[in-house]
There are 2 protein chains.
Amino acid sequence: MSTAKRQTQQRTAIVTAIEGTDCTFTPQEVLGHAQRACPGLGIATVYRSIRELVEQGCIQRVVVAGSAPRYERTNVTHHHHFHCESCGAVTPLEGCSLKENYRLPSGFRASSHDVIFTGTCPKCADSEA
Amino acid sequence: MSTAKRQTQQRTAIVTAIEGTDCTFTPQEVLGHAQRACPGLGIATVYRSIRELVEQGCIQRVVVAGSAPRYERTNVTHHHHFHCESCGAVTPLEGCSLKENYRLPSGFRASSHDVIFTGTCPKCADSEA
DNA sequence: CTTTGATTGATAATCTATTATCACTTGATA
DNA sequence: TATCAAGTGATAATAGATTATCAATCAAAG
C-alpha cells in the first residue's frame, strides 16, 4: 500500500496505522495511532493521505450510524458491522447475514450492500450488569 | 401525530408533509413540500418540529450512505433501503433481507439493524441505456 | 375583543469535518 | 553534498447541518 511518489515518515506512519486497524477508522483515530511513530504529525497530512488512498482504491468511505465519517480498507473480506450505542465502537462481523437467495425488485442493480446492527457490545453489556 | 401545544399552520403543514413521504426525508425536503401549504415557512421551524417529533418518537434519524442526514417515520413496517448513486434517491425495499436464522456472535445484543443496498435505481438504469 | 405567552421567520452563531494556504522542511536525484 | 519540487504543519478558510437569538406574530383562553 503506497500513497504517492516520495516515501516520507508521515505516509509510512499513516499507512502502518491504517493497516493496523481491524475494521473501520476515522481520520482522528489514524492521527492518534500514527503520531506514536511520527510525533509531529498533523491532521492535514492525515486527510491528504486518506484522500490519496481513497483515490487509489485502497480504502473507502463507509457510513455507520450517527458517528463521524469512517473509512475502511478495501482489501478485507466481505463483512458487516456492529455499532455499539453505548461506547460508540464499531466492530466487524464476519460473513454476510443476507439471505443467499435475496433478490432486489426488478430494475434495481446493487453494486454493494451494507448491514449495520445497532445495540450493545459485549464489553458494555458486561459493565451494565 | 401532534407536535406540541398549539396547533399552527406551520406544524400542520410539516406533519402533513412528513406523513406524505413514502420513505426517508431530509429537513430540506420537508421544507419544500410544506411550503406549498404554508408559503412563508422557514427552515428553523422545520428543524424545531423535527426535533419535537424525534423526542416524541414519531420519527427517527436514519443514516444512508454519504447523503445528508435523513429521518423516517417510526410507524412504518420493517423495511430496508436502496440508495441510488446516480440520482441520490433513497427507495424503500419491502420486507427484510436478513437470514431468518442469523445470530450475532455471543455477547452482542442488537436493538435494530439496517440494510442499505447501493447501486442504480430503475429510473437511472433506463436513462443510461 | 383583549391579553399573553407560545410560536415563528430571518439570520447570526455554532459546530464539526474537511480543504486551502503558505512558509518551511526534506526525500530523491544529479 | 547541493538542488529543488514534493511534502508537511499550523492554521485560516470553507462548507453544510443545526441551533440560538429576538422582535414580531398569532392561537387560545377569558
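What you see is a predicted model, and the numbers here were worked out from it, not measured in a lab. (Residues numbered from 1 in each chain as written. Chains lettered and ligands numbered in written order. Predicted model: local features only at pLDDT ≥ 70, side-chain atom pairs only at ≥ 80, totals over all residues. Heavy atoms only, no water.)

**With respect to the relation of the copies chain B and chain A**
Superposing the two chain copies requires a rotation about an axis and a translation along that axis.
And then number 1: Mapping chain B onto chain A calls for a screw motion: a turn of 180° about the axis and a shift of 0.0 Å along it, with 0.0 Å RMSD after fitting. Accordingly, the operation relating the two chain copies is best matched by a two-fold axis.
And then number 2: Interface overlap between copies is the fraction of interface residues in one copy that are interface residues in the other; for chain B against chain A it reaches 100%, indicating a shared surface. (Least-squares fit on C-alpha atoms with pLDDT ≥ 70 in both. Contact = heavy atoms within 4.5 Å.)

**A word on helix α3 (residues 43-55) of chain B**
Residues and elements named next belong to chain B.
And then number 1: Over its 13 residues, α3 runs 18 Å from end to end, which matches the ideal 18 Å to within 8%, given 1.5 Å per residue.
And then number 2: Those residues of α3 not exposed but buried are V46, S49, I50, E52 and L53. Each buried residue of α3 sits inside an arc of 160° when the element is viewed along its axis, so together they form one side. Exposed residues pointing more than 90 degrees away from the buried face of α3 are listed as R51 and E55.
And then number 3: Against the buried residues of α3 lie α1 (9-20), α2 (27-37), β1 (59-62) and β2 (70-73). (Helix = DSSP H or I, 4+ residues; strand = E, 2+ residues; numbered from the N terminus. Expected span 1.5 Å × (residues − 1). Buried < 20%, exposed > 50% of the residue type's maximum accessible area, 1.4 Å probe, protein only. Arc of directions from axis to C-beta.)

**Let's talk about the nonpolar core**
And then number 1: Counting residues in hydrophobic clusters, the biggest one holds 21 residues, and the most contacted among them are F82(A), L104(A), F117(A), F82(B) and F117(B).
And then number 2: Those elements that place two or more of their residues in this core are β3 (79-84) and β5 (109-120) of chain A together with β3 (79-84) and β5 (109-120) of chain B. (Core = buried A, V, L, I, M, F, W, Y, C linked by side-chain atoms within 4.5 Å.)

**Here's the deal with the protein's contact with DNA strand C**
And then number 1: By nearness alone, 23 residues border DNA strand C, and Y47(A), R6(B), T8(B), T45(B) and R48(B) come closest of all.
And then number 2: Measuring from a base nitrogen of DNA strand C, one finds a side-chain N or O atom of R6(A) at 3.0 Å.
And then number 3: Looking at the surface near DNA strand C, the elements that each hand over two or more residues are α3 (43-55) of chain A together with α1 and α3 of chain B.
And then number 4: When residues of the surface near DNA strand C are assigned to their parent elements, the largest contribution, 4 residues, is made by α3(A).
And then number 5: Of the residues assigned to the surface near DNA strand C, the class counts are 9 nonpolar, 6 polar and 8 charged. (Near = heavy atom within 4 Å. Polar contact = N/O pair within 3.5 Å; in protein donor to acceptor, adjacent residues only side chain to side chain. Nonpolar A, V, L, I, M, F, W, Y, C, P; charged D, E, K, R; others polar.)

**Notes on the state of the cysteines**
All names here are of chain A.
And then number 1: By the definition in use, this model includes 0 disulfides over all chains.
And then number 2: Note on C58: no disulfide assigned, nearest cysteine sulfur contributed by C23 at a separation of 17 Å.
And then number 3: A residue is classified by how much of its surface remains accessible, and C58, at 19% relative accessible area, is buried.
And then number 4: Counting only cysteine sulfurs, C124 is the nearest neighbor of C87, a cysteine outside any disulfide, at a range of 3.7 Å.
And then number 5: Accessibility expressed as a relative area gives 45% for C87, which makes it partly exposed. (Disulfide = S-S within 2.5 Å.)

Remember, this is a structural readout, not a statement about activity or role.
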